[in-house]
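# Per-entry structural report
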Amino acid sequence: MLDWRYHGRLVARQTDDFLLQTFPDTFSAPGRFAKHMMIVADLEHGNADAIEDAFIAAWELQSG
């Protein structure tokens, strides 16, 4: 997975952009989360498979 870091801090991941562009009805980046570099998922109405894949990718990133 490609990522962009500045002084060792994660700025963006290819996965985040992919999720936002591919599943705009499932994932969003609310302004209040911008400084935390977070995206959010609509667990109730979103694409369950995409959400599951995102959780797995996040887990692998943190444990890798």
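Attention in this report is confined to the structure presented alongside it. (Residues numbered from 1 in each chain as written. Predicted model: local features only at pLDDT ≥ 70, side-chain atom pairs only at ≥ 80, totals over all residues. Heavy atoms only, no water.)

## Considering the side chain of Thr26
Locating Thr26 in the fold gives a position in the loop between α1 (14–22) and β3 (27–28). Separated by 2.8 Å, the side chain of Thr26 and the backbone nitrogen of Asn47 make a polar contact. When near neighbours in sequence (up to four residues on either side) are disregarded, Thr26 contacts Val40, Ala41, Asp42, Gly46, Asn47 and Ile51. (Helix = DSSP H or I, 4+ residues; strand = E, 2+ residues; numbered from the N terminus. Polar contact = N/O pair within 3.5 Å; in protein donor to acceptor, adjacent residues only side chain to side chain. Contact = heavy atoms within 4.5 Å.)

## Considering the nonpolar core
By size, the foremost hydrophobic cluster in this structure holds 5 residues: Leu19, Phe27, Ala50, Ile51 and Ala54. Sort the elements by how many residues they give to this core and helix α2 (residues 48–63) lands first, with 3 residues. Beyond its immediate stretch of four places on either side in the chain, Ala50 contacts Phe23 and Phe27. (Core = buried A, V, L, I, M, F, W, Y, C linked by side-chain atoms within 4.5 Å. Buried < 20%, exposed > 50% of the residue type's maximum accessible area, 1.4 Å probe, protein only.)

## Notes on the packing of aromatic side chains
All chains considered together, the criterion is met by 2 aromatic pairs. Relative to Phe23, the ring of Phe18 has its centre 6.4 Å away and its plane inclined at 80°; by these criteria the two rings are edge-to-face. What makes Phe23 partly exposed here is its relative accessible area of 23%. Between Phe23 and Phe27, the ring centres sit 6.4 Å apart and the planes meet at 70°, which makes this aromatic pair edge-to-face. Among the residues examined, Phe27 registers a relative accessible area of 5% and is labelled buried. (Phe/Tyr/Trp six-rings, centres within 6.5 Å; stacked < 30°, edge-to-face > 60°.)

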